[in-house]
Amino acid sequence: MAIHAAPHARSTGAAPAVDGPWRDPCLTPEERVADLIPRMTLEEKTAQLYGIWVGADSEGDGVAPHQNDMVDPVDWDDLTTRGLGQLTRPFGTAPVDPGLGALSLARAQERIAGAGRFGIPALAHEECLAGFTAWGATAYPVPLSWGAAWNPDLVTEMAHRIGTDMRAVGVHQGLAPVLDVVRDLRWGRVEETIGEDPYLVATIGTAYVRGLESAGIIATLKHFAGYAASAGARNLSPVRAGAREMADVILPPFEMALREGGARSVMHSYAEIDGVPPAADHTLLTGLLRDTWGFTGTVVADYFGIGFLETLHKVAADRADAARLALGAGVDVELPTVRSYGDVLVAAVREGAVDEALVDRALHRVLLQKCELGLLDPDWSPLPAALKGGTGPERARDTVDLDPPENRALARQLAEQACVLLANPGGTLPLRDAGRIAVVGPRADDALAMLGCYSFPSHVGVSHPGSETGIDVPTVLESLRAEFPDSGVGFAAGCEVDGADTSGIADAARLAGDADVCVAVLGDRAGLFGRGTSGEGCDAADLALPGVQGELLDALLASGTPVVLVLLTGRPYALGRWADRTAAVVQAFFPGEEGGPALAGVVSGRVNPSGRLPVGVPQGPGGQPWTYLQPPLGLVSGVSNLDPTPLYAFGHGLSYTTFDWEPGGPVPAEIPTDGSAEIEITVRNTGEREGAEVVQLYLHDPVAQTTRPQARLIGFARVPLAAGAAARVRFRFHADLTSFTGIGGRRVVEPGELELRLATSSDAADVRRTVRLRLTGPERIVDHRRRLVCGTSVEPAPVPEPAAN
């Protein structure tokens, strides 16, 4: 249904019923908010602390409350007379033309402002995990691909474009990035993460925050904290991480994104950590986040997370008790819709169960943000930039392009840089004289194979059968046929993504046997809550390829034709069974709408692969799903028959060119525990074509007061080089980067011997230069104000003159 203006609605531009200094843009936001809050009734105050889940009307007439099993019915006209804090996902709820969606949102905002005494519009938020989750918007590679590209600058540019598109149609806040560090590869939401290393997650995630915030969108860090460390890799399962794992692995990406990136919002996680749900954890949301880190933005609830205190965690007796716990902990805004922060909260305050000061505290933060966005200004207009040309449906339809050529070009560039060449033992790739190509596999001819769980077609479109995708997503099959126009390209699916049907395998093997090369395209189907093999609520029992895809691959290899394995997945799968049998292996993590052409370019050689693994690829499917950040007891040894060593290590990736590494200048043998040193290496492209090397800097701490990972990433640089060119890579190492949580529970920089390893992966066999130095002086206690980033520079290096004849 469409929402029509309430009879008492004012026209936009009319003075609010309650005016005052709070409307004066010449005053500071603090002064304006301090004037406004005492003028508000309790009902008006609480109305700013929740959202309403809505969907844009397909004719541009407004928004309608979203109805599903988890959303209580709401009386729109009654609620909006009090004002409204947020509009939840006006674009990301149903397929709507973006121009009409912008018009619907503008009309809804006009009515919200007209209905209340203060004329304050709502703040609109959307998902933007791998692009703006709206019909027709660019579907970029998922965050795991951002990690695979190891290119913060490109991620910043992508986020800026996403934010610009969102802001142009009237959205204010984006629910991204995900800063969870992968702890168990079986977890369904691995695709949403950036990787298994906190430094990689922190630097790439912070780059995304910078880009989104630079476009005027409030970036929302999620999920704070510990969500990905769930027991058994089950979604929404208890977290049993200790204090050191929290401090040294889980929290640093949030620290960096707040301090270095300037994120203005944080979303609490669904987890429970040692028995305490973050939504009710004052120590986490107020003591650490605000009192220690100095965060001044808003904390928003993960969807239904406040209600879960009552229904799932059982730490609240009822809705009012859930409101008391969440407000007291520091959750400012209830999302996606009102359940505990509306009339229930009003009654609890009046009965003395909740202190009104807690309401005012959250309200202050919410109104400050609205003030900074211009939503309290007298000249505020509901019309976003995209609608400046007109406001009628006939003028809005087909006028907003959320997938312009420049977006697609960037999506392809990121997809190309994120493709990881895992293996190429015989130099099968790139294919030159391809001859007959058999393209086989359930992911080869499905556009959705490119897209993650939070892309609009996978997240929303599947609930609207018959609706158009809204964007062009070439499949791998289509892309290979375009890439090899003179080759005969045959296709057989062979099997489904999951399920037990093997009836198509024999035909697929025959097709492969008649070809010169077989490209096997296997992997995941993204979905929600069991409707996929990857995605939210799609956790895996083990790391075997889904369904009978392993049997299909066995049959293709038995055909005798060289098999190039192309993986389109949301997590890594165990490949040890085929390690010595495939001709080549290419890994892509849901590479977005331009992933098909990117992969075809890697296969043909048009694209030189430069991606590096953000997560290790396991050898076997069961029992050893952990990450490279292991102390000695977590590594292979004689005390267990299980070997957790990955088949391909974190940071691994091959190229079609070769690189030599030459040591740089000397490094001092000693530096103080508050000192620094520069470490250099020169990288030279010794091959015949352009390529990019990723120089990784790892720390090895031989002896420490608590057990430490055998190696951990503390810096990296992506180095693109023309054939024959060289670059000098300089890392500005500071002793703060060695800090860890010591025996007394404080973060320390400890004196002693260290090894700094310049390497192509976390595998010790891939170390190219080792620098040994000693930290001297007293042990230092440091906090979040420590240096978080290893400064890096890349400069052209001179190319030696050819020797005279």
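To keep things clear, this report deals only with the structure shown in the data block.

Parameters and conventions
Residues numbered from 1 in each chain as written. Predicted model: local features only at pLDDT ≥ 70, side-chain atom pairs only at ≥ 80, totals over all residues. Heavy atoms only, no water. Helix = DSSP H or I, 4+ residues; strand = E, 2+ residues; numbered from the N terminus. Rg over C-alpha atoms; globule rule 2.2 N^0.38 Å. Areas by Shrake-Rupley, 256 points an atom, 1.4 Å probe, with all protein chains shown as cover. Lys, Arg positive; Asp, Glu negative; His and termini not counted. Charge placed at Lys NZ, Arg CZ, Asp CG, Glu CD. Pairing = 2+ DSSP bridges. Axes fitted to C-alpha atoms, helices over the stretch in contact; angles between N-to-C directions. Parallel < 35°, antiparallel > 145°, perpendicular 65-115°, else oblique. Left-handed = near helix turned anticlockwise from the far one by under 90°. Contact = heavy atoms within 4.5 Å. Salt bridge = Lys/Arg side-chain N within 4 Å of Asp/Glu carboxyl O. Buried < 20%, exposed > 50% of the residue type's maximum accessible area, 1.4 Å probe, protein only. Arc of directions from axis to C-beta. Core = buried A, V, L, I, M, F, W, Y, C linked by side-chain atoms within 4.5 Å. Expected span 1.5 Å × (residues − 1). Phe/Tyr/Trp six-rings, centres within 6.5 Å; stacked < 30°, edge-to-face > 60°. Lys NZ or Arg CZ within 6 Å of the ring centre and 35° of its normal.

### Quick notes on the overall build of the protein
- A count of helices and strands for the protein gives 21 helices and 26 strands.
- Computed over C-alpha atoms, the radius of gyration of the protein comes to 27 Å, within 12% of the 28 Å expected from 2.2 N^0.38 for 805 residues, which places it in the range of a compact globule.
- Dimensions along the principal axes, computed over C-alpha positions, put the protein at roughly 85 × 65 × 55 Å.
- Of the accessible surface of the protein, which amounts to about 28000 Å², a share of 50% is contributed by carbon and sulfur atoms.
- For the protein, the centre of its 67 positive side-chain charges and the centre of its 101 negative side-chain charges are spaced 3 Å apart.

### Regarding the sheet that holds strand E20 (residues 726-734)
- Spatially, the four strands line up as an open sheet ordered E15-E17-E20-E26, and their pairing is antiparallel. Strand pairing shows two members of the sheet lacking a second neighbour, strand E15 (659-663) and strand E26 (791-797), which therefore form its edges. Taken over all neighbouring pairs, the strand axes of this sheet differ in orientation by 25° on average, direction set aside.
- Where E20 meets E26, seven bridges bridge the pair, whose relative direction is antiparallel. Its bridge partner being in E26, Phe731 is matched across the sheet by Thr792.

### Overview of the sheet that holds strand E21 (residues 740-741)
- Across the sheet, which stays open at both edges, the three strands sit in the order E21-E22-E25 with antiparallel pairing between neighbours. One side of each edge strand has no neighbouring strand; the edge strands of this open sheet are E21 and strand E25 (780-781).

### With respect to the packing of helix H12 (residues 319-329) against helix H14 (residues 356-372)
- In the contact formed by H12 and H14, the axes pass within 9 Å of each other and the chain directions differ by 55°. In terms of axis orientation, H12 runs oblique to H14. Judged by the sense of rotation from one axis to the other, the crossing of H12 with H14 is left-handed. On H14, the residues that touch Leu327, Gly328 and Ala329 of H12 are Leu358, Val359, Arg361 and Ala362.

### Considerations on unusual backbone geometry
- For the peptide bond that leads from Lys222 to His223, omega is 5°, which places it in the cis range.
- Within the secondary structure layout, His223 lies in strand E6 (residues 218-224).
- For the peptide bond that leads from Phe224 to Ala225, omega is 5°, which places it in the cis range.
- Mapped onto the fold, Ala225 is located in the loop between E6 and helix H8 (243-250).
- Positive phi outside glycine occurs at Phe304, with the angle close to 70°.
- Among the structural elements, Phe304 can be located in the loop between strand E8 (298-300) and helix H11 (305-311).

### Some remarks on the pattern of salt bridges
- One pass over the full model with this rule turns up 49 salt bridges.
- Residue Glu693 pairs with Arg612 through a salt bridge whose shortest N-O separation is 2.9 Å. Taken together, the positions of Glu693 in strand E18 (residues 691-700) and Arg612 in the loop between helix H21 (595-604) and E15 put the pair 81 residues apart, joining distant regions of the chain.
- Residue Arg684 is joined to Glu662 by a salt bridge in which the shortest nitrogen-to-oxygen separation is 2.9 Å. Of this pair, Arg684 sits in strand E17 (residues 676-685) while Glu662 sits in strand E15, and the two are 22 residues apart along the sequence.
- Judged by relative accessible area, which is 13%, Arg684 ranks as buried.

### Concerning helix H18 (residues 476-483)
- Residues Val476, Leu477, Ser479 and Leu480 constitute the buried set of H18. Down the axis of H18, the buried set is contained in an arc of 165°. They therefore lie on one face.
- Where H18 is buried, its residues meet strand E10 (437-440), strand E11 (489-492), strand E12 (517-523), strand E13 (563-569) and H21.

### Some remarks on the packing of helix H6 (residues 152-168) against helix H7 (residues 198-214)
- Running from N to C, H6 and H7 cross one another at 35°; their axes reach a closest spacing of 7 Å. Of the two elements, H6 crosses H7, and the hand of that crossing is right-handed. Taken together, the residues of H7 that come into contact with H6 (itself represented by Pro152, Val155, Thr156, Met158, Ala159, His160, Ile162 and Gly163) are Thr203, Ile204, Ala207, Tyr208, Gly211, Leu212 and Ser214.

### Section: the environment of Asp554
- Tracing the sequence through the fold places Asp554 in helix H20 (residues 549-558).
- Put simply, Asp554 and Arg581 are 27 residues apart on the chain and 9.4 Å apart in space, counted from C-alpha to C-alpha.
- Among all residues touching Asp554, those that are not within four sequence positions of it are Arg577, Trp578 and Arg581.

### Some points on the nonpolar core
- Core analysis: the largest hydrophobic core is formed by 225 residues, its most contacted members being Phe132, Tyr208, Phe224 and Tyr341.
- At nine residues, the largest contribution of residues to this core is made by H7.
- Grouped together as the second largest cluster of nonpolar side chains are 36 residues, Ala139, Leu429, Leu477 and Val603 included.

### What about the side chain of Glu416?
- Along the chain, Glu416 turns up in helix H16 (residues 405-418).
- When sequence neighbours within four positions are dropped, the list of residues in contact with Glu416 reads Ala598, Arg606 and Val607.

### Examining H16
- For H16, spanning 14 residues, the distance from its first C-alpha to its last is 20 Å, which sits close to the expected 20 Å at 1.5 Å a residue.
- On its buried side, H16 packs onto helix H5 (143-149), H6, strand E9 (420-423), strand E14 (584-589), H21 and strand E19 (712-721).

### Describing the packing of aromatic side chains
- As enumerated under the stated definition, the model contains 15 aromatic pairs in all.
- Ring geometry for Trp53 against Phe304: centres 6.4 Å apart, planes inclined by 40°, an arrangement best described as tilted. Remark: Phe304 occurs in the loop between E8 and H11 and Trp53 occurs in strand E1 (residues 51-56); sequence separation between them is 251 residues. By the burial criterion, Trp53 is buried, and Phe304 matches it.
- Through successive ring pairs, a cluster of aromatic residues spans Trp150, Tyr199, Tyr628, Phe650, Tyr698 and Phe716.
- Here Lys222 stacks its cationic end above the ring of Tyr454, 5.5 Å away from the centre of that ring.

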